[in-house]
Amino acid sequence: MDIYLKEKENTKSSLRFPSMPESIKVKGDAKYQEYDIIRDGTYAFPSGADLQTVQWTGTFWGEARKDAAWLNRLWLDPADCINKIEQWRDGGTVLNLIVSGGNINKDVTIKSFEYEQSGGNGDYEYSIVFVVYRENKVTTIKEAASTDSTKKKTVPRKSEKKEKKRYTVKSGDTLWAIARKFYGGSGSDWKKIYDANKSTIESTAKKYGYGSSDSGHWIFPGCVLTIP
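No experiment lies behind these values; they were computed from the predicted model shown. (Residues numbered from 1 in each chain as written. Predicted model: local features only at pLDDT ≥ 70, side-chain atom pairs only at ≥ 80, totals over all residues. Heavy atoms only, no water.)

Draft legend 1. Here's a closer look at the overall build of the protein. Broken down by element type, the protein carries 5 helices and 9 strands. For the protein, the N- to C-terminal ordering of α and β elements is β-β-β-β-α-β-β-β-α-β-α-α-α-β. The buried share of the protein, reckoned over its 228 residues, is 33%. Carbon and sulfur atoms make up 47% of the accessible area of the protein, which amounts to about 15,100 Å² in all. (Helix = DSSP H or I, 4+ residues; strand = E, 2+ residues; numbered from the N terminus. Buried < 20%, exposed > 50% of the residue type's maximum accessible area, 1.4 Å probe, protein only. Areas by Shrake-Rupley, 256 points an atom, 1.4 Å probe, with all protein chains shown as cover.)

Draft legend 2. Structural view of unusual backbone geometry. Phi is positive for Asp214, close to 55°, though the residue is something other than glycine. Along the polypeptide, Asp214 turns up in the loop between α5 (198–207) and β9 (224–227). On the accessibility criterion, Asp214 (46% relative accessible area) is partly exposed. The backbone of Ser215 sits at a positive phi, close to 55°, despite the residue not being glycine.

Draft legend 3. How the structure looks around the environment of Arg65. On the secondary structure map, Arg65 appears in the loop between β4 (41–60) and α1 (78–91). Sequence spacing of Arg65 and Asp123 is 58 residues, and the spatial spacing of their C-alpha atoms is 8.4 Å. Those residues in contact with Arg65 that sit more than four places away from it in its chain are Trp70, Leu71, Asn121 and Asp123. Only 2.7 Å separates the side chain of Arg65 from the side chain of Asp123, close enough to count as a polar contact. (Contact = heavy atoms within 4.5 Å. Polar contact = N/O pair within 3.5 Å; in protein donor to acceptor, adjacent residues only side chain to side chain.)

Draft legend 4. How the structure looks around the environment of Val129. Locating Val129 in the fold gives a position in strand β7 (residues 123–132). The sequence separation of Val129 and Glu114 amounts to 15 residues, and the corresponding C-alpha distance is 9.3 Å. With residues near it in sequence (within four places) discarded, Val129 still touches Thr53, Val54, Gln55, Thr109, Ile110, Lys111 and Ser112.

Draft legend 5. Local environment of helix α3 (residues 175–182). Those residues of α3 lying buried are Leu175, Ile178 and Ala179. Each buried residue of α3 lies within a common arc of 100° when the element is viewed along its axis, so the set occupies one face. Turning to α3, the residues buried within the fold contact β8 (165–168), α4 (190–196), α5 and β9. Gly184 lies just past α3 and shows a positive phi near 65°. (Arc of directions from axis to C-beta.)

Draft legend 6. The arrangement of the environment of Cys223 in detail. Examined against the element boundaries, Cys223 turns out to sit in the loop between α5 and β9. Residue classification places Cys223 among the buried positions, given a relative accessible area of 6%. Spatially, the C-alpha atoms of Cys223 and Asn197 are 9.9 Å apart, while their sequence positions differ by 26 residues. Dropping the residues within four chain positions of it, Cys223 is found in contact with Tyr167, Thr168, Val169, Thr200 and Thr204.

Draft legend 7. Structural view of the pattern of salt bridges. Counting across every chain of the model gives 6 salt bridges. With a shortest N-O distance of 2.9 Å, Asp2 and Arg16 are connected by a salt bridge. Here the residue Asp2 occupies a position in the segment before β1 (3–7), and Arg16 occupies one in strand β2 (residues 14–16), the gap between them amounting to 14 residues. Judged by its relative accessible area of 37%, Arg16 is partly exposed. For the salt bridge of Asp90 with Arg89, the shortest nitrogen-to-oxygen distance reads 2.9 Å. Through salt bridges with shared partners, a single network forms among Glu86, Arg89 and Asp90. (Salt bridge = Lys/Arg side-chain N within 4 Å of Asp/Glu carboxyl O.)

Draft legend 8. Highlighting the side chain of Ser213. Relative to the assigned elements, Ser213 resides in the loop between α5 and β9. Polar side-chain contacts of Ser213 include one of 2.6 Å to the side chain of Glu202. A polar side-chain atom of Ser213 sits 2.8 Å from the main-chain amide nitrogen of Gly216. What Ser213 contacts, discounting residues up to four positions off in sequence, is Tyr194, Ile201, Glu202, Ala205 and Trp218.

The quantities given are spatial measurements derived from coordinates; they are silent on function.
Right, dumping it as structure tokens:
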């Protein structure tokens, strides 16, 4: 299992965390509007989804650990890791967060990042919180009216031939989840989707700087899949 962060607009700027946390917490609540009604108490009405967060605590190993036999991944200077994360946080940079083996593939921004030096080996303990990114689009009244008008006039086109289904990968998708969506709640047919789109999935992974998709383990937003 590994954790990767890559800039959305500059995929060459990335960070592979040099150590894995004990646990990763993903939190997402429903959002409610509350109203005080004097006689009857407080009523709460659902008003969409609240912001989803991903967070963990971990360690950047100090230079004294650099050649430790148990360190089975590339050692990185804690100062370099901290500087990069702070730049991303302060700049509000949109990042692609991937936890291989953890079914996490989301576009995020860094909400908070704290750290402190620990012990005599130059280690740094840190905590980090990400907020899942939502692209904001302001729709004018004219655009909304135009869209509604188009929807009313659109008539489904009948075709004797069965059209192939296509699906555009969104942030947070996995092949297992996509298979569940199209195959009646079962994710076990994910490999059918991978086999039918192998060249597309692999080329997209290389575009994002990976040697391969690890047999469909890593898929990226914007990749268009044909559903067999």
